[in-house]
Amino acid sequence: MTKDALFYLPVKIGNIELKNPFIVASGPTAKRIDQLELAEKCGWGAASIKQTFNPVPYINYQPRYRWLKKEKLHVFTAEYRLNMEQGQRLVEEARKKCQEMVIIANYSYVQGDLEGWQDAARRFDAAGAQILELNFCCPNMSFNVDISERSSKESRPSSGASMGQDEDSVRLVLEKTREVTKLPIIAKITPEGGRIADVSRVAFESGAAAVCSVANRLGIPSIDIRNYKKSIYNLQGENTMACLSGPWIKPLALRDVFEIRRLVGPGPHINGTGGVASMEDAVEMMMCGADSIGVCTHTMIAGFGFLEKWMKSLRDYMKTMGFQTARDMRDLLLTEIKPASELTVWAGYAQVDPEKCSACGLCIEIGHCNAIVLTDASAGIDPDLCQGCSTCIDICPKKAIRMVEERK
Ligand SMILES: Cc1cc2nc3c(=O)[nH]c(=O)nc-3n(C[C@H](O)[C@H](O)[C@H](O)COP(=O)(O)O)c2cc1C
Ligand code: SF4
Ligand code: SF4
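Residues numbered from 1 in each chain as written. Chains lettered and ligands numbered in written order. Predicted model: local features only at pLDDT ≥ 70, side-chain atom pairs only at ≥ 80, totals over all residues. Heavy atoms only, no water.

1. Some points on the packing of helix α2 (residues 33-41) against helix α3 (residues 84-97)
In a packed pair of helices, the relevant descriptors are the angle between the two axes and the axis-to-axis distance.
For step 1, the next point in the chain: Close contact between α2 and α3 brings their axes to 10 Å; oriented N to C, the two are set at 35°. Every pair of crossing elements has a handedness; the one defined by α2 and α3 is right-handed. Contacts between α2 and α3 pair I33, L36, E37 and E40 from the former with L90, E93, A94 and K97 from the latter.
For step 2, the next point in the chain: Here the contact of α2 with α3 is built from residues that sort into four nonpolar, no polar and four charged. (Axes fitted to C-alpha atoms, helices over the stretch in contact; angles between N-to-C directions. Helix = DSSP H or I, 4+ residues; strand = E, 2+ residues; numbered from the N terminus. Left-handed = near helix turned anticlockwise from the far one by under 90°. Contact = heavy atoms within 4.5 Å. Nonpolar A, V, L, I, M, F, W, Y, C, P; charged D, E, K, R; others polar.)

2. Re the packing of helix α8 (residues 196-205) against helix α9 (residues 250-264)
For step 1, the next point in the chain: In contact at an axis separation of 8 Å, α8 and α9 are set at 50° when each is read in the N-to-C sense. Between α8 and α9, the angle falls in the class oblique. The crossing of α8 and α9 is right-handed. Residues I196, A197, D198, S200, R201 and F204 of α8 touch α9, and the partners they reach there are D256, E259, I260, L263 and V264. (Parallel < 35°, antiparallel > 145°, perpendicular 65-115°, else oblique.)

3. Some points on helix α4 (residues 115-127)
For step 1, the next point in the chain: The end-to-end C-alpha distance of α4, which contains 13 residues, comes to 18 Å, matching closely the 18 Å that a straight helix rising 1.5 Å per residue would cover.
For step 2, the next point in the chain: Listed in full, the buried residues belonging to α4 are G116, W117, Q118, A120, A121, F124 and A127.
For step 3, the next point in the chain: Where α4 is buried, its residues meet β5 (52-54), α3, β9 (102-109), β10 (131-136), α6 (160-164) and α7 (167-180).
For step 4, the next point in the chain: A positive phi of about 105° marks G128, the residue just after α4. (Expected span 1.5 Å × (residues − 1). Buried < 20%, exposed > 50% of the residue type's maximum accessible area, 1.4 Å probe, protein only.)

4. Details of the sheet that holds strand β14 (residues 242-245)
For step 1, the next point in the chain: Strand order in this open sheet of four strands is β6-β7-β14-β13, and the pairing throughout is antiparallel. Among the strands making up the open sheet, the edge pair consists of β6 (65-68) and β13 (217-219). Adjacent strand axes in the sheet meet at a mean angle of 30° when their direction is disregarded. (Pairing = 2+ DSSP bridges.)

5. Things to note about the site of ligand 3
For step 1, the next point in the chain: Lining the immediate environment of ligand 3, one finds C357, S358, A359, C360, G361, C363, A379, C396, P397, K398 and I401.
For step 2, the next point in the chain: Class assignment for the residues of the shell around ligand 3 results in eight nonpolar, two polar and one charged. (Near = heavy atom within 4 Å.)

6. Some points on the domain arrangement of the protein chain
For step 1, the next point in the chain: Structurally, the protein chain comprises domain 1 (3-329) and domain 2 (344-405).
For step 2, the next point in the chain: Here domain 1 and domain 2 have C-alpha centroids that lie 44 Å from each other. (Domains from an automatic or database assignment.)

7. Some points on α2
For step 1, the next point in the chain: Where α2 is concerned, the buried positions are I33, Q35, L36, A39 and E40. All buried residues of α2 fall inside an arc of 160° around its axis, so they share one side.
For step 2, the next point in the chain: Of the surrounding elements, those touching the buried residues of α2 are β3 (22-24), β4 (46-48) and α3.
For step 3, the next point in the chain: Positive backbone phi, at 95°, marks G43, one or two positions downstream of α2. (Arc of directions from axis to C-beta.)

8. Topic: the pattern of salt bridges
Should their charged atoms come close, side chains of opposite charge can pair.
For step 1, the next point in the chain: Overall, the coordinates contain 18 salt bridges when judged by the stated rule.
For step 2, the next point in the chain: Where R123 meets D119, a salt bridge forms, and the shortest distance between an N and an O atom there is 3.3 Å. Of this pair, R123 and D119 both sit in helix α4, four residues apart, which is roughly one turn of that helix.
For step 3, the next point in the chain: By sharing partners, the salt bridges in this structure join R261, D291, R327, R330 and D331 into a single network. (Salt bridge = Lys/Arg side-chain N within 4 Å of Asp/Glu carboxyl O.)

9. With respect to the confidence of the model for the protein chain
For step 1, the next point in the chain: Mean pLDDT over the protein chain works out to 94, with 95% of the residues at or above the 70 mark.
For step 2, the next point in the chain: Across residues 151-156 the pLDDT falls below 50, and counting only partners more than four positions away or on other chains, this stretch makes seven contacts in the model. (pLDDT = per-residue confidence, 0-100.)

10. Quick look at the site of ligand 1
For step 1, the next point in the chain: Taken together, 27 residues surround ligand 1, and among them S26, K50, N106, G275 and T297 come closest.
For step 2, the next point in the chain: At 3.0 Å from an oxygen atom of ligand 1 is found a main-chain nitrogen or oxygen belonging to Q51.
For step 3, the next point in the chain: In this structure, K188 approaches ligand 1 through a side-chain N or O atom, which is 2.8 Å from an oxygen atom.
For step 4, the next point in the chain: With the chains in place, 98% of the 610 Å² that ligand 1 exposes on its own is no longer accessible.
For step 5, the next point in the chain: Among the elements of the structure, β7 (73-76) and α11 (297-302) are those that each provide at least two residues to the shell around ligand 1.
For step 6, the next point in the chain: When grouped by side-chain class, the residues that make up the shell around ligand 1 number eleven nonpolar, 13 polar and three charged. (Polar contact = N/O pair within 3.5 Å; in protein donor to acceptor, adjacent residues only side chain to side chain. Areas by Shrake-Rupley, 256 points an atom, 1.4 Å probe, with all protein chains shown as cover.)

Rendered as structure tokens:
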């Protein structure tokens, strides 16, 4: 297969074709032209540029990040955003330099009126953006500020994630933006508040060509409890609520994509983002309802070049499974993920293989289990006391335990 053919697995957002579903999600790997050029060279279908604030970001710092490898979690609060001029210039340059990769403008406006949203749309349209991505998702410039403002009784028009929970705000901004541009619009909606599917439906009703789920989640990263005043970040004084991303958030992101797809049906385009760090993660996203796949954290950690490996393994996987297009993989889990009321649970019990057991005793510590006893030689399980939960299988370092199924 030629390189061009390898990377060609097209999906569409509105009338714009991406040569494959992989999008560099808005963030620090899409803020300079050299990054965008490299992403294009590495075969990415699209890139969404770093969030631009119209006219200027109201909070801006040099970035301070932590990649907590063990937790598979990326955290940050301090981050650098683009002002309107920088964003426009980046889009203009990217359109000149990138022949195939689709350029998406990701932006926000924070005043109470709607003029600034329209102004940004006009300016990015004029700069050559092929798709607009309205940022209704950033928890850092919204909740992470609201926390202190709530207590100090100051008020500031809502933005980012605070706005993205509210159907009326999302509807208004989209309708007003639609008035001034024909470009396809992605609404990047927050999962905060648990209403992402409802707000997404409103976004589609209001003219969005796609929704993107999810952005960062907001949380408090672990601190050193013996030195709790010390920031976990280097070169940063305070601990703060942090934007969480990376593999840790993937199960939550899958759920959000799944819920949106269930609610909006098969037609609209959903960009699934959040914790994708392998070809398999991307396929899971598609199976839960995603048409395209956003990747941010993994590009921060590993650059852009891994896409070729992903595409090769995706091709092999598709061949084995008999899938021809990206669409063939979409929604496959929609009917497979059952509600709790419809589970089938078979009777069964765990059994220890005394040949493999090293009598380490780990399994007898399991707090909810009274079925395991330990002799000098090995562990043993009483099938009458065993409830079949299978925790011991996951605890055992010697893989000495298996389940015996008693399916009727
Ligand atoms: C450091 C950092 C900066 C980000 N900046 C933006 C941004 O400017 N605009 C945006 O819409 N999302 C931004 N995001 C969110 C990502 O685009 C993405 O939605 C989120 O991180 C989840 O995907 P991931 O696990 O692949 O990183 C940022 C994420 C990180 C980690
Ligand atoms: S399956 Fe669950 S209940 Fe049975 S022995 Fe293992 S941990 Fe105990
Ligand atoms: S955890 Fe595994 S190896 Fe250790 S005692 Fe239990 S069965 Fe044996």
